[in-house]
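A look at the structure
What follows is the residue order along each chain.
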Amino acid sequence: MEALLLGAGLLLGAYVLVYYNLVKAPPCGGIASLRGRTAVVTGANSGIGKMTALELARRGARVVLACRSRERGEAAAFDLRQESGNNEVIFMALDLASLASVRAFATAFLSSEPRLDILIHNAGISSCGRTHKPFNLLLRVNHIGPFLLTHLLLPRLKTCAPSRVVVVSSAAHRRGRLDFTRLDRPVVGWRQELRAYADSKLANVLFARELATQLEGTGVTCYAAHPGPVNSELFLRHVPGWLCPLLRPLAWLVLRAPRGGAQTPLYCALQEGIEPFSGRYFANCHVEEVPPAARDDRAAHRLWEASKRLAGLGPSEEAEPDEDPQPEDPGAPSSPSSPHPEELTVSEPHPSPQSSPDLSKVTRRIHVKTEPEP
């Protein structure tokens, strides 16, 4: 009996250590009011993305849920409006596997939304499932699609500066090794999928690093965020049906809830004073060092150039100026915007936003070999 009690005590102690070191996520602080600001969250119909969008909506932001499924996206927008009390939560169609869909989303957004203050790339896949494409689907959805979307929305982000881009990555980037001779080759089999997923997460980290270099001095800052081990659809989406009943209880015990997983992306989007760390990788709401492959500036620039080619960006599309009018001051009462495209689910406008503090003053990032510590 004593041995049984000792074993139970050891198990409980081990779980407490796991819970407080891995499962429990630090709460996000940052700016309390986002009234008058607009955020786009990809893959926001469930999991981490939905919890991220919920918190932004609760703080008063106008939130665009950029999702592939119209049915699930509109249902999520309805849920978030009900739960947050904020009517300015809308759905817009976006399929990151389709470059045409990414361009259509950007066109619809820029024609209907005068502001973009926060862009959070949350959507991602961990497996190709039964889908067969003539390209690397994991890299397309997890990196190339977000790369193109960021590029197309950059003019609006710049005119609304200070603004932020958050790329949700993963600790799996530590296993990534980019092979530039076969970046876009189709992925076949689960072993290749594991490798391709890790490579795509490494691409996320390198993308944030190079984007920070490209945007230095513009007032747009960017961050790679690791949500931690999260019990989300991404974890169980491709698990065989017979295995799910066995894994669900284990996942509930040792993985974070989606709300906990949303804390680090929210921290990167909202925390004041982290501008000097633009381009860095965050985990558990603080800067975390990355392996040499993830801080290789030459590889980051090479990936940038390869991504432009894979995204179909031509020279005429690079660094285009924003020809749209300057956005209204978020502290001033909003005026009616142009009608939303058909794919949007738009509810009644929110009451006129009140003034809110700037995201933060921009600090110019100085490139030196020794990176700043938080």
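Anything mentioned here points back to the structure above.
Rules of the game
- Residues numbered from 1 in each chain as written.
- Predicted model: local features only at pLDDT ≥ 70, side-chain atom pairs only at ≥ 80, totals over all residues.
- Heavy atoms only, no water.
- Helix = DSSP H or I, 4+ residues; strand = E, 2+ residues; numbered from the N terminus.
- Buried < 20%, exposed > 50% of the residue type's maximum accessible area, 1.4 Å probe, protein only.
- Contact = heavy atoms within 4.5 Å.
- Areas by Shrake-Rupley, 256 points an atom, 1.4 Å probe, with all protein chains shown as cover.
- Axes fitted to C-alpha atoms, helices over the stretch in contact; angles between N-to-C directions.
- Parallel < 35°, antiparallel > 145°, perpendicular 65-115°, else oblique.
- Left-handed = near helix turned anticlockwise from the far one by under 90°.
- Nonpolar A, V, L, I, M, F, W, Y, C, P; charged D, E, K, R; others polar.
- Salt bridge = Lys/Arg side-chain N within 4 Å of Asp/Glu carboxyl O.
- Pairing = 2+ DSSP bridges.
- Polar contact = N/O pair within 3.5 Å; in protein donor to acceptor, adjacent residues only side chain to side chain.
- Phe/Tyr/Trp six-rings, centres within 6.5 Å; stacked < 30°, edge-to-face > 60°.
- Right-handed = clockwise from strand over helix to strand, strands pointing away.

This part covers the overall build of the protein. A count of helices and strands for the protein gives 11 helices and 8 strands. Each of the 374 residues in the protein was classed as buried or not, and the buried ones make up 52%. Across the protein, the fraction of contacts at a sequence separation of at least 24, relative to all contacts at a separation of at least 6, is 82%. Of the accessible surface of the protein, which amounts to about 17,800 Å², a share of 56% is contributed by carbon and sulfur atoms.

Turning our eyes to something else, we now look at the packing of helix 5 (residues 137-159) against helix 6 (residues 190-214). Between helix 5 and helix 6, the shortest axis-to-axis distance is 7 Å and the interhelical angle comes to 20°. Regarding the angle of helix 5 to helix 6, the classification is roughly parallel. At the point where helix 5 passes helix 6, the crossing takes the left-handed sense. Here helix 5 contributes Leu138, Leu139, Asn142, His143, Phe147 and Thr150 to the contact with helix 6, which in turn contributes Glu193, Ala196, Tyr197, Ser200, Lys201, Ala203, Asn204, Phe207 and Leu211. Within the contact of helix 5 with helix 6, the residues separate by chemical class into 8 nonpolar, 5 polar and 2 charged.

Quick look at the pattern of salt bridges now. Side-chain pairing between opposite charges can occur once the charged atoms of the two side chains come close. The final tally for this structure, using the stated rule, is 14 salt bridges. Here the residues in one salt-bridge network are Arg37, Arg115 and Asp117, joined through shared partners.

The subject of this paragraph is the sheet that holds strand 2 (residues 62-67). Strand order in this open sheet of 8 strands is 3-2-1-4-5-6-7-8, and the pairing throughout is mixed. Each having just a single partner strand, strand 3 (89-93) and strand 8 (286-287) make up the two edges of the open sheet. Here 5 bridges tie strand 2 to strand 3, and the two strands are oriented parallel to one another. Opposite Cys67, over in strand 3, you have Ala93 as the bridge partner. The strands touched by helix 4 (residues 99-112) within the sheet are strand 1 (38-42), strand 2 and strand 3, with strand 3 carrying the most contacts at an inclination of about 140°. Sheet strands touched by helix 6: strand 5 (163-168), strand 6 (220-226) and strand 7 (281-283). Its angle to strand 6, the strand with the most contacts, is close to 160°.

Along the chain, Ser278 turns up in the loop between helix 10 (263-270) and strand 7. Here Cys222 takes part through its backbone nitrogen, which lies 3.1 Å from a polar atom of the side chain of Ser278.

With that out of the way, let us pick up the packing of aromatic side chains. Tallied over the entire structure, the rule returns 6 aromatic pairs. With a centroid separation of 5.5 Å and an interplanar angle of 55°, the aromatic rings of Phe147 and Phe207 are classed as tilted. Of this pair, Phe147 sits in helix 5 while Phe207 sits in helix 6; the two residues are 60 residues apart in sequence, bridging distant segments of the chain. Classification of Phe147 by relative accessible area gives buried; the value is 2%. For Phe207, a relative accessible area of 4% translates into the label buried.

Attention shifts here to the packing of helix 5 against helix 11 (residues 297-310). Working note: a packed helix pair is described by the angle between its axes plus the distance between those axes. Contact pair helix 5 / helix 11: the axes reach a minimum separation of 9 Å and the direction vectors enclose 90°. In this view, helix 5 runs roughly perpendicular relative to helix 11, as classed from their interaxial angle. Counted together, Leu139, His143, Ile144 and Phe147 of helix 5 and Leu303, Trp304, Ser307, Lys308 and Leu310 of helix 11 form the full contact between these two elements. For the contact of helix 5 with helix 11, the per-class residue count stands at 6 nonpolar, 2 polar and 1 charged.

A few words now on the pairing of strand 5. Residues in a regular strand project their side chains so that they alternate between the two faces of the sheet. Most of strand 5 is tucked away, with 6 of its 6 residues classed as buried. The alternating pattern of strand 5 places Ser163, Val165 and Val167 and Arg164, Val166 and Val168 on opposite faces, both of which are buried. As judged from the 4 bridges shared by strand 4 (residues 118-121) and strand 5, these two strands associate in the parallel manner. Opposite Ile118, over in strand 5, you have Arg164 as the bridge partner. In this fold, strand 4 hands off to helix 5, which returns the chain to strand 5; that crossover is right-handed. The sheet contact formed by strand 5 and strand 6 spans 6 bridges and is parallel. Across the sheet, Val166 pairs through a bridge with Tyr223, a residue of strand 6. The parallel pair strand 5 and strand 6 is bridged by helix 6, and the resulting crossover is right-handed.

Turning our eyes to something else, we now look at helix 10. Burial of helix 10 is extensive: 8 of the 8 residues sit out of reach of the surface. Those residues of helix 10 that are buried are in contact with helix 2 (47-58), strand 4, strand 5, strand 6, helix 9 (258-261) and strand 7.

The next point concerns the environment of Arg140. In this fold, Arg140 is placed in helix 5. Put simply, Arg140 and Ala311 are 171 residues apart on the chain and 8.7 Å apart in space, counted from C-alpha to C-alpha. Other than its neighbours up to four places away in sequence, Arg140 contacts Leu96, Ala97, Leu99, Phe135, Gly145 and Pro146.

These figures come from the coordinates and say nothing about function on their own.
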